[in-house]
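Tertiary structure, described
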Amino acid sequence: MTEGAPGVARGSLAPVAATLSVLVAAFAFSSISIATVIATRAGASLTTVVTGRFLLAALLLVPLIGGWRALRIGRAHAQRIVVWGGAGQVLVNILNLSALEYIPAATTVFLFYTFPAWVAVFAAVRGSERVGGRRVAALLLSLTGIAVIIGTPGAAPISPIGASLALSAAVVYALYIPLLRQLQSGTTSKIATFYIAIGVCVMLGVYGALRGDFTWPVAPPALGAIAWLALVPTVVAFQLLLRGLETLGPVRTAIISTAEPFCAAILAALMLGQPITLPAMAGGGLIAIAVLMLQRPERRPAEG
């Protein structure tokens, strides 16, 4: 399906199934920070964790795709996915992680989750998707929900460098979402995920080798966390995101993805014993309303 074309492409999910696909992906993505903390506390460097995650994910995808022969999609197409897909993932991660050195995690998350607004702005400027009143209302509700869940970043002055890094990550991710839709055109979500994982491994592998930042051997807790990161947020969740994106388009996908902070609150309660607070429940309710609003199609203006 071409960008902004009406209807659902052949083989795409139905809108409700696509929404559920993106929501499940958001829940899986919300486990990334917890698993990464477990791995780094066990002594693994961040470069080792991220590179190991995507390398293992690529290896897991090969049999799921149908073997190495099934990966033949044309050299030019494969190179585009490796370079642009891998670079996008690496850049978003580096910007976000760098922001944490200057501003608190809550502030970083709040600024990063402005990305649905950027997606909507870019789509409106390009004319690739119609951003009507219902989508604008859903966007405002979801952003309000995130603010309620995370809370006010605080009265202390915010570092301009940290804020710029977090907002840059949001802008890059907003550009990356429609790019993903284009990159997977003509192939499957599994194959696209494989080549993106290869791109991340190559780029971070060179970066880690130059810095001498790889840690080995890796302790068992870190290995378990890396295995989780490879299987759940990468092999499973990234494919679900791509399948949902194919049907819903960048704007709706981005707004639904704002469920991730609420999912993170639930996961923290289940894994770390942290209580689910009233703000988390209230913010999650606002995000749920936004998601439900997106299930109804926008009314097109009458012609003539």
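The preceding data block contains the structure.
Residues numbered from 1 in each chain as written. Predicted model: local features only at pLDDT ≥ 70, side-chain atom pairs only at ≥ 80, totals over all residues. Heavy atoms only, no water.

Some remarks on the side chain of Ser21
- Assignment of secondary structure puts Ser21 in helix H1 (residues 15-29).
- Here Ser21 falls in the buried class, since its relative accessible area comes to 7%.
- A distance of 2.6 Å separates a polar atom in the side chain of Ser21 from the backbone oxygen of Leu240. (Helix = DSSP H or I, 4+ residues; strand = E, 2+ residues; numbered from the N terminus. Buried < 20%, exposed > 50% of the residue type's maximum accessible area, 1.4 Å probe, protein only. Polar contact = N/O pair within 3.5 Å; in protein donor to acceptor, adjacent residues only side chain to side chain.)

Quick look at the packing of aromatic side chains
- All told, the structure shown has seven aromatic pairs when counted by the stated rule.
- A ring pair is formed by Trp68 and Phe194, whose centres lie 6.1 Å apart and whose planes are at 80°; its orientation type is edge-to-face. On the criterion of sequence distance, the pair formed by Trp68 in the loop between helix H3 (46-65) and helix H4 (75-99) and Phe194 in helix H9 (residues 189-211) is long-range, its members being 126 residues apart.
- Taking relative accessible area as the criterion, Trp68 reaches 56% and is therefore assigned exposed.
- Relative to Tyr176, the ring of Tyr173 has its centre 6.4 Å away and its plane inclined at 35°; by these criteria the two rings are tilted. One end of the pair, Tyr173, and the other, Tyr176, are both in helix H8 (residues 160-183), three residues apart, so they sit about a helical turn from each other.
- Pairwise contacts between aromatic rings join Phe112, Phe115, Tyr173 and Tyr176 into one cluster. (Phe/Tyr/Trp six-rings, centres within 6.5 Å; stacked < 30°, edge-to-face > 60°.)

Examining a nonpolar patch on the surface
- Taken together, the side chains of Leu55, Leu56, Leu59, Leu60, Leu231 and Val236 present a nonpolar region at the surface, about 470 Å² in accessible area.
- Counting residues per element, the ones that place at least two in the nonpolar patch are H3 and helix H10 (220-256).
- Of the residues forming the nonpolar patch, the biggest block, four residues, is contributed by H3.
- Residue Leu55 is classed as partly exposed on the basis of its relative accessible area of 44%. (Patch = residues over 30% accessible without salt bridge, like charges linked within 9 Å, V, L, I, M, F, W, Y side chains within 5 Å. Areas by Shrake-Rupley, 256 points an atom, 1.4 Å probe, with all protein chains shown as cover. Salt bridge = Lys/Arg side-chain N within 4 Å of Asp/Glu carboxyl O.)

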